[in-house]
Amino acid sequence: MDEDQGKDPPPASPTPAARGASALRDMVGRWTGEIAAIVGRTPARRRKPGSPTRRGICRRRPRETASDVHARVVTAFAAACGTGDLTTLVSLLDPDATALSDGGGRVCAAPNPIHGADRISCFVLGALSQRPGLDATPQSVNGRTGLVLRRDGIVSGVVSFDVRGEKITDVWLVLNPDKLRSWNRS
């Protein structure tokens, strides 16, 4: 028997108009004639217009990782950075992970996104080797465990992570001093 036989086919991607209608309906809180006109729907087609779209979008949206798992993965990442353990860093990152850094033109940062676990790990360890005395402390960043980078008690960077399952999928490094002012207030 064919392995795929008996399974529902994957849902079709909602059209841009359907996604727009769903978003507008969610913002307004109800389906209106104006929304119908904007997205080119007739009154007859406005019954539950966003339901299939919302279900499809929710099915595609990755599930958020539990806070304790997120914290454990980020803490392990910090420990691997502290010891220079390239193998562990690579194992904590999703193979397709992406890292973005923001220096705001004021401090050195990667000008383009960095893709892939190997490249991100090498970038992070290389950057840390050029900044001796930098302390990375796990701390709440945007409501999730992140890393706060300090040198001599002054915050010089904040790192946030997106973790899916037990792998880091995205790393955001904020190094721009203008964006770190609130972190350095006494």
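Student: How would you summarise the nonpolar core if you had to cite specific residues and measurements?
Tutor: In summary, soluble globular proteins display a tendency toward joint burial of nonpolar side chains. Ranked by size, the top nonpolar core spans 26 residues in total, and within it Phe77, Leu93, Phe161, Ile168 and Val171 carry the most contacts. Listed by contribution, the elements that provide at least two residues to this core are helix 4 (67-83), helix 5 (86-92), strand 1 (93-102), helix 6 (117-129), strand 4 (144-151), strand 5 (154-164) and strand 6 (167-174). Ranked by residues supplied to this core, first place goes to helix 4 with seven residues. When neighbours within four sequence positions are excluded, isoleucine 168 is seen to be in contact with Val73, Phe77, Leu92, Leu93, Asp94, Ala97, Phe161, Asp162 and Val163.

Student: Lay out the pairing of strand 6 with the relevant residues and their values.
Tutor: Relative to strand 6, strand 1 runs parallel, the two sharing six bridges. The partner of alanine 99 across the bridge, within strand 6, is valine 171. Relative to strand 6, strand 5 is paired through seven bridges, and the arrangement is antiparallel. Bridging from a neighbouring strand, phenylalanine 161 pairs with valine 171 of strand 6. With antiparallel pairing between neighbouring strands as the criterion, strand 5 and strand 6 make up a hairpin whose turn holds two residues, including glycine 165 at a positive phi of roughly 70°.

Student: Any chance you could break down the packing of aromatic side chains for me, citing the residues and the numbers?
Tutor: For the coordinates displayed, the defined rule picks out one aromatic pair. Considering the side-chain rings of phenylalanine 77 and phenylalanine 161, the 5.1 Å spacing of their centres and the 65° angle between planes classify their relative orientation as edge-to-face. Taken together, the residues phenylalanine 77 in helix 4 and phenylalanine 161 in strand 5 connect sequence positions 84 residues apart. The class for phenylalanine 77 is buried, based on a relative accessible area of 3%.

Student: I'd love a proper account of the confidence of the model for the protein chain, names of residues and values included.
Tutor: For the protein chain, per-residue confidence averages 78 on the pLDDT scale, and 65% of positions sit at 70 or higher. The secondary structure element of the protein chain with the lowest average pLDDT is helix 3 (residues 51-60), at 52, and the one with the highest is helix 5, at 95. Low pLDDT, under 50, characterises residues 46-50; the stretch is placed with six contacts to residues that sit more than four places away or in other chains.

Student: Run through the pattern of salt bridges, naming residues and quoting values.
Tutor: Scanning the model with the defined rule gives four salt bridges in all. Here arginine 72 ties to glutamate 166 by a salt bridge, and the two come within 3.1 Å at their closest N and O atoms. Of this pair, arginine 72 sits in helix 4 while glutamate 166 sits in the loop between strand 5 and strand 6, and the two are 94 residues apart along the sequence.

Student: An account of the packing of helix 4 against helix 6 is needed here, citing residue identities and associated values.
Tutor: Close contact between helix 4 and helix 6 brings their axes to 10 Å; oriented N to C, the two are set at 55°. Of the possible angle classes, the one that applies to helix 4 and helix 6 is oblique. Handedness of the crossing formed by helix 4 with helix 6: right-handed. Where helix 4 abuts helix 6, its residues Phe77, Ala80 and Cys81 lie against Val124, Leu125 and Leu128. A per-class count over the contact of helix 4 with helix 6 returns six nonpolar, no polar and no charged.

Student: I'd love a proper account of the sheet that holds strand 6, names of residues and values included.
Tutor: If you walk across this open sheet you meet the six strands as 2-1-6-5-4-3, and the pairing is mixed. In the strand order of this sheet, the two ends are held by strand 2 (114-115) and strand 3 (135-141), each with one partner. Where helix 4 meets the sheet, its contacts fall on strand 1, strand 3, strand 4, strand 5 and strand 6, and the angle it forms with strand 4 comes to roughly 30°.

Rules behind the numbers
- Residues numbered from 1 in each chain as written.
- Predicted model: local features only at pLDDT ≥ 70, side-chain atom pairs only at ≥ 80, totals over all residues.
- Heavy atoms only, no water.
- Core = buried A, V, L, I, M, F, W, Y, C linked by side-chain atoms within 4.5 Å.
- Buried < 20%, exposed > 50% of the residue type's maximum accessible area, 1.4 Å probe, protein only.
- Helix = DSSP H or I, 4+ residues; strand = E, 2+ residues; numbered from the N terminus.
- Contact = heavy atoms within 4.5 Å.
- Pairing = 2+ DSSP bridges.
- Phe/Tyr/Trp six-rings, centres within 6.5 Å; stacked < 30°, edge-to-face > 60°.
- pLDDT = per-residue confidence, 0-100.
- Salt bridge = Lys/Arg side-chain N within 4 Å of Asp/Glu carboxyl O.
- Axes fitted to C-alpha atoms, helices over the stretch in contact; angles between N-to-C directions.
- Parallel < 35°, antiparallel > 145°, perpendicular 65-115°, else oblique.
- Left-handed = near helix turned anticlockwise from the far one by under 90°.
- Nonpolar A, V, L, I, M, F, W, Y, C, P; charged D, E, K, R; others polar.

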